[in-house]
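# Overview (structure and organization)
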Amino acid sequence: MRTREGGRIVDEAAVIARVRAGEPEAYAQLVRAHTGIALRAAAALGAGADAEDVVQQAFVKAYCSLGRFKDGSAFKPWLLAIVANETRNTVRTAARQRTLAGREAAMAEAEPLIPESADPAMAALEIERRAALQAALDKLSEEHRLVVTYRYLLEMDESETAQALGWPRGTVKSRLNRALRKLGRLLPDFQPREGGDERG
């Protein structure tokens, strides 16, 4: 599997083989290639201010588990499954419930989605839309929130989403359909951006 890292293509299988062969410093390439999406995933799943700690812990766990990583699999969905588990553990052990404002701030810090050059009125509208979407996502069950987050907020295709969540593709499809219907009732203007692979 190849992935883009700062404009360069990283051959994940070759990097993992090098790490397994005793070159632990090669792992830094995978960290650089996947830190952005891992931070977005942790923030979107509720890690709030702890997103960086969650991601760091996830990378450590992934490194320690590389011996069990299945050759030929994609690294990103496997890593994001670890990020999701770490986020759940962090949220569970935290004494306080994450607030919408905390999640929005964490998502905004993780990666600026609105360019600084954007029209201020359009930027305000986009922030308002994202806040409404996050509030609606908070009203969904955990499995529906997860499938929408992976599929649309993290822009993973159907098979990557299935791998990251450990669900069959048919389950991803049916839960995604139910989740989108619920979101449609909560947010009549919600139009998910199409992306990725929809073949069944």
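The rules behind each value
- Residues numbered from 1 in each chain as written.
- Predicted model: local features only at pLDDT ≥ 70, side-chain atom pairs only at ≥ 80, totals over all residues.
- Heavy atoms only, no water.
- Helix = DSSP H or I, 4+ residues; strand = E, 2+ residues; numbered from the N terminus.
- Phe/Tyr/Trp six-rings, centres within 6.5 Å; stacked < 30°, edge-to-face > 60°.
- Buried < 20%, exposed > 50% of the residue type's maximum accessible area, 1.4 Å probe, protein only.
- Contact = heavy atoms within 4.5 Å.
- Expected span 1.5 Å × (residues − 1).
- Arc of directions from axis to C-beta.
- Salt bridge = Lys/Arg side-chain N within 4 Å of Asp/Glu carboxyl O.
- Axes fitted to C-alpha atoms, helices over the stretch in contact; angles between N-to-C directions.
- Parallel < 35°, antiparallel > 145°, perpendicular 65-115°, else oblique.
- Left-handed = near helix turned anticlockwise from the far one by under 90°.
- pLDDT = per-residue confidence, 0-100.
- Core = buried A, V, L, I, M, F, W, Y, C linked by side-chain atoms within 4.5 Å.

For Glu155, which is not a glycine, the phi torsion comes out positive at approximately 55 degrees. Summarising the element assignment, Glu155 is placed in the loop between helix H7 (142-153) and helix H8 (158-165).

The final tally for this structure, using the stated rule, is 5 aromatic pairs. Taking 6.4 Å as the distance between ring centres and 80 degrees as the angle between the ring planes, the aromatic pair formed by Tyr27 and Phe59 counts as edge-to-face. Of the two residues, Tyr27 sits in helix H2 (residues 27-44) while Phe59 sits in helix H3 (residues 51-64), which places them 32 residues apart along the sequence. Neither Tyr27 nor Phe59 differs from the other in exposure class; each is buried. Of the aromatic side chains, those joined through ring pairs into one cluster are Tyr27, Phe59 and Tyr63.

So, about the environment of Ala136. One can find Ala136 in helix H6 (residues 120-138). Judged by its relative accessible area of 4%, Ala136 is buried. Sequence separation between Ala136 and Gly184 is 48 residues, and the spatial gap between their C-alpha atoms is 9.6 Å. Dropping the residues within four chain positions of it, Ala136 is found in contact with Leu183, Leu186 and Leu187.

If you check helix H9 (residues 169-186), its first and last C-alpha atoms are 25 Å apart, about what 18 residues at 1.5 Å a residue would give, namely 26 Å. Listed as buried for H9 are Val172, Arg175, Leu176, Ala179, Leu180 and Leu183. Taken around the axis of H9, the buried residues stretch over an arc of 140 degrees, which confines them to a single face.

Summed over all chains, the structure comprises 8 salt bridges. Taken together, the salt bridges that share partners define one network made up of Glu158, Arg169 and Lys173.

Remark: helix H4 (residues 75-93) packs on H7, axes separated minimally by 13 Å, with the N-to-C direction vectors making an angle of 140 degrees. With respect to their mutual orientation, H4 and H7 come out oblique. For H4 against H7, the interelement crossing comes out right-handed. Between H4 and H7, the residues in contact are Leu80, Ala81, Ala84 and Arg88 and Glu142, Leu146 and Tyr150, respectively.

This paragraph deals with the confidence of the model for the protein. Residue-level pLDDT values for the protein average 81, and 76% of them are 70 or greater. Mean pLDDT across the elements of the protein bottoms out in strand E1 (residues 2-5) (56) and peaks in H3 (95).

Grouped together as the largest cluster of nonpolar side chains are 50 residues, with contacts concentrated most on Phe75, Leu80, Val83, Val148, Tyr150 and Leu183. Once you skip the residues sitting within four places of it in the chain, Val148 turns out to touch Leu137, Leu153, Leu176, Ala179, Leu180 and Leu183.

We now examine the environment of Pro77. Within the element layout of this structure, Pro77 appears in helix H4. Taking the C-alpha atoms as reference points, Pro77 and Asp157, separated by 80 residues in sequence, lie 10.0 Å from one another. Apart from residues lying up to four places away in sequence, Pro77 is in contact with Met156, Glu160, Gln163 and Ala164.

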